[in-house]
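Listed below, chain by chain, are the residues.
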There are 2 protein chains.
Amino acid sequence: MTTAKRDTYTPESLLSVAVQVFNERGYDGTSMEHLSRAAGISKSSIYHHVAGKEELLRRAVSRALDGLFGILDEEHARGGRAVERLEYVVRRMVEVLTAELPYVTLLLRVRGNTGTERWALERRREFDHRVAGLIKAAADDGDVRADVEVRLATRLVFGMINSIVEWYRPDGRGMGEREVSDAVVQLVFSGLRRDQ
Amino acid sequence: MTTAKRDTYTPESLLSVAVQVFNERGYDGTSMEHLSRAAGISKSSIYHHVAGKEELLRRAVSRALDGLFGILDEEHARGGRAVERLEYVVRRMVEVLTAELPYVTLLLRVRGNTGTERWALERRREFDHRVAGLIKAAADDGDVRADVEVRLATRLVFGMINSIVEWYRPDGRGMGEREVSDAVVQLVFSGLRRDQ
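Reading guide: rules and limits
Residues numbered from 1 in each chain as written. Chains lettered and ligands numbered in written order. Predicted model: local features only at pLDDT ≥ 70, side-chain atom pairs only at ≥ 80, totals over all residues. Heavy atoms only, no water. Helix = DSSP H or I, 4+ residues; strand = E, 2+ residues; numbered from the N terminus. Expected span 1.5 Å × (residues − 1). Buried < 20%, exposed > 50% of the residue type's maximum accessible area, 1.4 Å probe, protein only. Contact = heavy atoms within 4.5 Å. Phe/Tyr/Trp six-rings, centres within 6.5 Å; stacked < 30°, edge-to-face > 60°. Lys NZ or Arg CZ within 6 Å of the ring centre and 35° of its normal. Salt bridge = Lys/Arg side-chain N within 4 Å of Asp/Glu carboxyl O. Least-squares fit on C-alpha atoms with pLDDT ≥ 70 in both. Domains from an automatic or database assignment. Buried area = accessible area lost by both parts, 1.4 Å probe. Polar contact = N/O pair within 3.5 Å; in protein donor to acceptor, adjacent residues only side chain to side chain.

1. Focus on helix α8 (residues 115-140) of chain B
Since one α-helical turn is 3.6 residues long, residues separated by three or four positions face the same way.
All names here are of chain B.
1) Next: With 26 residues, α8 extends 37 Å from end C-alpha to end C-alpha; this agrees with the ideal 38 Å at 1.5 Å per step.
2) Next: Three or more residues of α8 are buried, namely Thr116, Glu117, Ala120, Arg124, Phe127, Val131, Ala132, Leu134, Ile135, Ala138 and Ala139.
3) Next: On its buried side, α8 packs onto α4 (53-73), α6 (82-99), α7 (101-109) and α9 (150-162).
4) Next: In the segment just after α8, Gly142 is the residue with positive phi, at about 85°.

Shown next as structure tokens:
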């Protein structure tokens, strides 16, 4: 029995509850009943806002994808030497990831069981491809090492950045967003070894 | 209805089937019924080999953990400058991960709902801690950059290495194990940027 509260949700605040539930239970494991309980409003109240859970998923991953693709339209991602644009994009990826943590976490966990999930995976691949293109251009300029294959380098760099969702918590007690983005840029571009 | 086949399993071959099912369905989502169906033998035949699914989990994550901790006992991990030991350990981590792919994948997905899972998480933390100690020692020697905090560097390096389970497939069609371990060592120690 759900103790229904008055529905004062906006599309944004309902989305924020749904994303939390999706991240905890997995999208597949979440029912409208779970969403109704977490939000404290009836299922029909939820249907007043959205057509169903897939629409909530689409809105949530769109928010993450818009944040990521938005980076590529920013001035420093569009002009200048490829390696500098790449550095800018890597830093901004960490910033978007930490700022939109639950949304990016959900995006990274999408499996591909529904049309919306497959669309999200396709968009993720497109974003990866755009960043791979920047690594390729920087390698062609001679600014990035040529002895690591571009696709492999892209996967490893994304692996490092995406792993941040596993431990970063913006509660002010752990590491700050700036410390994390600085560290990623240092490691991705210069590695651990101190210059001799 | 299960079409039971003659039980010709060894503990090893049964474990290999179980790990595959755990990785596909998640450990929590796997029942003895699922294991029985995947193995093609009755549940009681499985109980002839093991006490239950938690024993299978313990054996599987032990195999991954033994592989990882084994690295630290190898000669090149014990003698020499810290930065060289660290480089050796990073390369061997990638090798163990690719050689024991399903077992390490399972280890990395452990959530902590059962005693065995909590024990596995504890051992993982211990391994991370040992590697963090090497990074710290190499920084104290002046061989590793001091401007990235050790705990953060450890997390990011593990993030890069662990992400390999998401895409590496040892089917001979994609990248080879050597190409991957070389790339990880290059990126972790020297980064993407080409020396000027």
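2. Here we look at the packing of aromatic side chains
Residue and element names in this part refer to chain A.
1) Next: Scanning all chains against the criterion turns up eight aromatic pairs over all chains.
2) Next: A centroid spacing of 5.5 Å and a plane angle of 75° characterise the contact between Phe69 and Phe127, whose relative ring orientation is edge-to-face. In this pair, Phe69 is assigned in helix α4 (residues 53-73) and Phe127 in helix α8 (residues 115-140), connecting sequence segments 58 residues apart. Each member of the pair, Phe69 as well as Phe127, is classed as buried.
3) Next: Ring pairing ties together the aromatic residues Phe69, Phe127 and Phe158, which thus form one cluster.
4) Next: Positioned above the aromatic ring of Phe69 is the side chain of Arg123, whose terminal nitrogen or guanidinium carbon lies 4.0 Å from the ring centre.

3. A look at α4(B)
1) Next: With 21 residues, α4(B) extends 30 Å between its outermost C-alpha atoms, agreeing within 8% with the 30 Å of an ideal straight helix rising 1.5 Å per residue.
2) Next: What α4(B) keeps buried is the set B:Glu55, B:Leu56, B:Leu57, B:Ala60, B:Val61, B:Ser62, B:Ala64, B:Leu65, B:Leu68, B:Phe69, B:Ile71 and B:Leu72.

4. Some details on the pattern of salt bridges
All names here are of chain A.
1) Next: The full count for this structure, using the stated rule, is 34 salt bridges over all chains.
2) Next: The salt bridge partner of Asp182 is Arg91, with a shortest N-O separation of 2.9 Å. Remark: Arg91 occurs in helix α6 (residues 82-99) and Asp182 occurs in helix α10 (residues 177-190); sequence separation between them is 91 residues.
3) Next: Note that Arg123 is salt-bridged to Glu126, the shortest N-O span being 3.5 Å. Of this pair, Arg123 and Glu126 are both found in helix α8, three residues apart, which corresponds to roughly one turn of the helix.
4) Next: A single salt-bridge network, built from bridges that share partners, covers Glu12, Arg63 and Glu100.

5. Digging into the environment of B:Ala39
1) Next: Take B:Ala39: it is sitting in helix α2 (residues 32-39).
2) Next: The spatial distance from the C-alpha of B:Ala39 to the C-alpha of B:Ser13 is 9.5 Å, given a sequence separation of 26 residues.

6. Topic: the relation of the copies chain B and chain A
1) Next: Each copy of the sequence occupies a distinct position, and chain B is placed on chain A by a rotation of 180° and an axial shift of 0.0 Å, giving an RMSD of 0.0 Å. Expressed as a symmetry operation, the mapping of one chain copy onto the other fits a two-fold axis.
2) Next: A high fraction, 100%, of the interface residues of chain B reappear at the interface in chain A, so the copies pair face to face through one surface.

7. What about the domain arrangement of chain A?
All names here are of chain A.
1) Next: Examined at the domain level, chain A breaks down into domain 1 (11-50) and domain 2 (60-190).
2) Next: Taken over C-alpha atoms, the centre of domain 1 sits 28 Å from the centre of domain 2.
3) Next: In this assembly, eight residues from domain 1 lie in contact with 10 residues from domain 2.
4) Next: Of the roughly 750 Å² buried between domain 1 and domain 2 on both sides combined, carbon and sulfur atoms contribute 54%.
5) Next: Applying the counting rule to domain 1 against domain 2 returns one salt bridge.
6) Next: Across the pair Glu12 and Arg63 runs a salt bridge whose closest N-O atoms are separated by 2.9 Å.
7) Next: The interface formed by domain 1 and domain 2 includes five residue pairs in polar contact (both at pLDDT 80 or more).

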